[in-house]
Amino acid sequence: MKFTPQKALLTGETLDSLKARLEERKEPTFRAKQILDWVYKKRARSWDAMTNLPKELRTWLDETFVLMPAELVLNKESSDVTDKLLLKLGDNSLIETVVIRVPQEGVGIEGARKTICISTQVGCAMACAFCASGLEGLKRDLLAGEIVAQLLQVCYREDARTPRAKEELASFDNIVVMGMGEPLANYDALIQALTIVNAPWGLGFGARRITISTSGLVPKILKLAEENLSFRLAISLHGATNEIRSKIMPVNKAYPLEKLIPAVRVFNERHGRMITLEFILIEDINDSQDQAFALRDIALDLHAHVNLIPYNTVEGLPWKRPSIERQDDFANILRDADVSVTLRREKGHDIDAACGQLRLKTEKTLA
Ligand code: SAH
């Protein structure tokens, strides 16, 4: 289940860990910063591109580290604003990274705000009944270097197509950890990766522009509340009562609402930012008025924003999205109580952008 690559992943190293490796070799430690500058600021794609490093050092780096542990195998562009990258890892596992462009008024698509959705595991163990990622269970956790590599791959792609990208460190505006996998089930790699993404010697990307989405692993939510970096938190609620939530999310049996809600409150108190409750609307499962009222009460209690997502159909699963009218009725119950709510007319339906869908299809085709 655990993947141990033959060489260490450079994108999983921190400035300190890289300095330590260089010290072992009696190299000057200022080289560590130079190397990471090549990776994160100048986006070097080969060791030989790192021209201010002695040849010998480059040879050692090549023998010791993998520079890019995720190979781009498919770049799927949709007709709307969502693109999807399918990446192949060292053990041939496939993962997905999604680029969501939100056009801004008065500027072309090049000026759109970009949100990048990254994966943290290959497959998922949470077994949510509606989700493609969990259909085949968990294959393995991603390494920190593989999580960071997804963002670098997006940078490579954006650098080539967007004029503004080259002038900016990260070339995107937000990161959401909402791809394949349960991020808090791969906690240490997640925090290591986001530390690298955040660090000034890394991508220099602000923690407050990073949202971690969880199905509700209560002890890990409490742990996350103690981190010094202030990430944003989203909870995949999808059921506003234990009865409904347990039916579609097995995690609710271990961490029912009476445990989950207080943990979210602790996170809130520590970080003082509005958290988001994600609620997929699935026909005849969780789209009743009673669910809307219960969700309203939870949202008011937690001062949370509610993100309603019409269900994205998954091949092989029976679930459907409710009619537009029913979606609006549900949203209006929340709006009438002044709950901050977005009803996402979802993006990327035509490229299977929901969690795990593209990977599943590609694996089926390749099999
Ligand atoms: N495991 C984490 C993050 C990955 S899932 C979590 O549960 O939050 C990211 C989001 O996509 C979750 O809210 C998940 O419930 C949702 N999702 C999964 N399958 C979906 C589908 N078919 N249509 C719409 N949203 C889906």
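Our subject in this report is the structure included herewith. If you're wondering where the values come from, they're calculated on a predicted model, not measured in any experiment.

Take the overall build of the protein next. If you tally the helices and strands in the protein, you get 12 helices and 14 strands. Within the span of the protein, comprising 367 residues, buried residues form 56% of the whole. Sequence-distant contacts in the protein: of pairs separated by 6 or more residues, those separated by 24 or more amount to 66%. For the protein, the exposed surface amounts to about 15700 Å²; the carbon and sulfur share of it is 52%.

On to the packing of helix α5 (residues 187-198) against helix α6 (residues 218-225), then. Interhelical geometry of α5 versus α6 gives an angle of 30° and a closest axis separation of 12 Å. It follows from the interaxial angle that α5 and α6 lie roughly parallel. Regarding α5 and α6, the two cross each other, and that crossing is right-handed. On α6, the residues that touch Y187, D188 and I191 of α5 are K220, K223 and L224.

Our focus in this paragraph is the site of the ligand. In the neighbourhood of the ligand, 20 residues make up the surrounding shell, with G181, S213, S236, H238 and N312 lying closest. Measuring from an oxygen atom of the ligand, one finds a backbone N or O atom of T214 at 3.5 Å. Backbone polar atom of N312 to a nitrogen atom of the ligand: 2.9 Å apart, as the coordinates give it. Taken by itself the ligand offers 530 Å² of open surface, and the protein chains cover 93% of this. Going through the elements one at a time, β10 (210-214) and β12 (276-281) are the ones with two or more residues in the shell around the ligand. In the shell around the ligand, the residues fall into nine nonpolar, nine polar and two charged.

Our next topic: the side chain of S246. As for its position among the elements, S246 is in helix α7 (residues 242-248). The residues contacting S246, other than those within four sequence positions of it, are N252 and K253.

So, on to the sheet that holds strand β11 (residues 232-236). Pairing in this open sheet of 10 strands is mixed, and the strands run β3-β4-β5-β6-β9-β10-β11-β12-β13-β14 from one edge to the other. Every other strand in the sheet has two partners, leaving β3 (70-77) and β14 (341-343) as the edge strands with one partner each. On average, each strand axis in the sheet is inclined to that of its neighbour by 20°, with strand direction left out of account. Bridging between strand β5 (residues 94-102) and strand β6 (residues 113-117) involves five bridges; their strand directions are antiparallel. Considered in β6, the bridge of V98 is made with C117. Together, β9 (174-177) and β10 form the strand contacts of α5, whose direction differs from that of β10 by roughly 165°. Packing against the sheet, helix α11 (residues 324-336) makes contact with β12, β13 (305-310) and β14, and its axis sits at approximately 170° to β14.

As for its position among the elements, E13 is in the loop between β1 (8-9) and α1 (15-24). Through-space distance from the C-alpha of E13 to that of G202 is 9.8 Å; in sequence the pair is 189 residues apart. Side-chain polar atoms of E13 contact the side chain of S17, separated by 2.7 Å.

Here we take up helix α2 (residues 30-41). Turn by turn, an α-helix covers 3.6 residues, leaving residues three or four places apart pointing in a common direction. Helix length check: α2 (12 residues) gives 16 Å between terminal C-alpha atoms against 16 Å at 1.5 Å per residue, within 8%. With nine of 12 residues buried, α2 lies mostly within the body of the structure. For α2, the full list of buried residues reads R31, A32, Q34, I35, L36, D37, W38, V39 and Y40. Buried residues belonging to α2 abut α1, α3 (55-64), α4 (144-161) and α5. One or two residues past the end of α2 sits R43, with phi positive at roughly 55°.

As a further point, take the nonpolar core. Of all hydrophobic cores here, the largest spans 109 residues; its most connected members are F130, L277, L295 and L308. When residues of this core are assigned to their parent elements, the largest contribution, nine residues, is made by α4.

Once that is clear, we can look at the pairing of β11. With four of five residues buried, β11 lies mostly within the body of the structure. Relative to β11, β10 is paired through four bridges, and the arrangement is parallel. Paired with T214 across the strands is I235, a residue of β11. Assessed by its sense of winding, the connection that carries the chain from β10 through α6 to β11 is right-handed. Strand direction decides the pairing type here: β11 and β12, joined by three bridges, are parallel. Looking at β12, one finds that I235 is bridged to L277.

So, about α4. Taking 1.5 Å as the rise per residue, α4 with 18 residues should run 26 Å; its terminal C-alpha atoms sit 27 Å apart, in good agreement. Most of α4 sits out of view: 16 of its 18 residues are buried.

Here we come to the state of the cysteines. Here, the word disulfide means a covalent bond between the sulfur atoms of two cysteines. Within this structure, the stated rule accounts for zero disulfides. The thiol of C124 is not disulfide-bonded; the next cysteine sulfur, from C128, is found 6.5 Å away. Using a relative accessible area of 10% as the deciding quantity, one classes C124 as buried.

Let us look at unusual backbone geometry. The phi torsion at D284 lies on the positive side, around 60°, for a residue other than glycine. Here D284 shows up in the loop between β12 and α10 (289-302). Judged by relative accessible area, D284 falls into the exposed class, the value being 62%. The residue D338 is not glycine, and still its phi comes out positive at about 65°. Along the chain, D338 falls in the loop between α11 and β14. The exposure class assigned to D338 is exposed, which follows from its relative accessible area of 71%.

What counts, and where the lines are drawn
- Residues numbered from 1 in each chain as written.
- Predicted model: local features only at pLDDT ≥ 70, side-chain atom pairs only at ≥ 80, totals over all residues.
- Heavy atoms only, no water.
- Helix = DSSP H or I, 4+ residues; strand = E, 2+ residues; numbered from the N terminus.
- Buried < 20%, exposed > 50% of the residue type's maximum accessible area, 1.4 Å probe, protein only.
- Contact = heavy atoms within 4.5 Å.
- Areas by Shrake-Rupley, 256 points an atom, 1.4 Å probe, with all protein chains shown as cover.
- Axes fitted to C-alpha atoms, helices over the stretch in contact; angles between N-to-C directions.
- Parallel < 35°, antiparallel > 145°, perpendicular 65-115°, else oblique.
- Left-handed = near helix turned anticlockwise from the far one by under 90°.
- Near = heavy atom within 4 Å.
- Polar contact = N/O pair within 3.5 Å; in protein donor to acceptor, adjacent residues only side chain to side chain.
- Nonpolar A, V, L, I, M, F, W, Y, C, P; charged D, E, K, R; others polar.
- Pairing = 2+ DSSP bridges.
- Expected span 1.5 Å × (residues − 1).
- Core = buried A, V, L, I, M, F, W, Y, C linked by side-chain atoms within 4.5 Å.
- Right-handed = clockwise from strand over helix to strand, strands pointing away.
- Disulfide = S-S within 2.5 Å.

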